[in-house]
Amino acid sequence: MTNREYFFGEIIADTIMLLTYDNHPREECRLFKKELSKMVFRGNQLKEWLDSEKDKRFNW
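In what follows, the accompanying structure is described. (Residues numbered from 1 in each chain as written. Predicted model: local features only at pLDDT ≥ 70, side-chain atom pairs only at ≥ 80, totals over all residues. Heavy atoms only, no water.)

**Structural notes on the environment of Leu50**
Residue placement: Leu50 occurs in helix H4 (residues 45-51). Put simply, Leu50 and Met39 are 11 residues apart on the chain and 10 Å apart in space, counted from C-alpha to C-alpha. Among all residues touching Leu50, those that are not within four sequence positions of it are Thr2, Asn3, Arg4 and Phe8. (Helix = DSSP H or I, 4+ residues; strand = E, 2+ residues; numbered from the N terminus. Contact = heavy atoms within 4.5 Å.)

Next up, the structure:
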C-alpha cells in the first residue's frame, strides 16, 4: 500500500482535517503536517513520497 492510497484514499476527510488542524494534540499529526509542508517545496519529493510504501512514522 502506498502513502497515496493510505493517506488520501478512503480516509481523505481525516487527512484533510489533519492538514488543516492547527496545533493538533497528537504529535504524529503535527509531524505529518510539517513533513508534507516541507515536501511541497522540494520539487518531486512529495510525488515520490506519495508513490512509495506507507510511511511507518505515521501509523494511526
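**Some thoughts on helix H3 (residues 27-40)**
Its 14 residues place the ends of H3 20 Å apart at the C-alpha level, agreeing with the 20 Å of an ideal helix rising 1.5 Å per residue. Taken together, the buried positions of H3 are Cys29, Phe32, Glu35, Leu36 and Met39. The arc that holds every buried residue of H3, seen down its axis, measures 130°, which confines them to one face. Seen from the buried face of H3, the exposed residues on the opposite side, beyond 90 degrees, are Glu27 and Lys34. (Expected span 1.5 Å × (residues − 1). Buried < 20%, exposed > 50% of the residue type's maximum accessible area, 1.4 Å probe, protein only. Arc of directions from axis to C-beta.)

**Quick notes on the side chain of Asn3**
Turning to its location among the elements, Asn3 is positioned in helix H1 (residues 3-8). The class of Asn3 is buried, set by a relative accessible area of 0%. For Asn3, the side chain forms a polar contact with the main-chain oxygen of Glu53, separated by 3.3 Å. At 2.6 Å, the side chain of Asn3 and the backbone nitrogen of Asp55 are in polar contact. (Polar contact = N/O pair within 3.5 Å; in protein donor to acceptor, adjacent residues only side chain to side chain.)

Any functional reading would require information beyond the geometric quantities listed.
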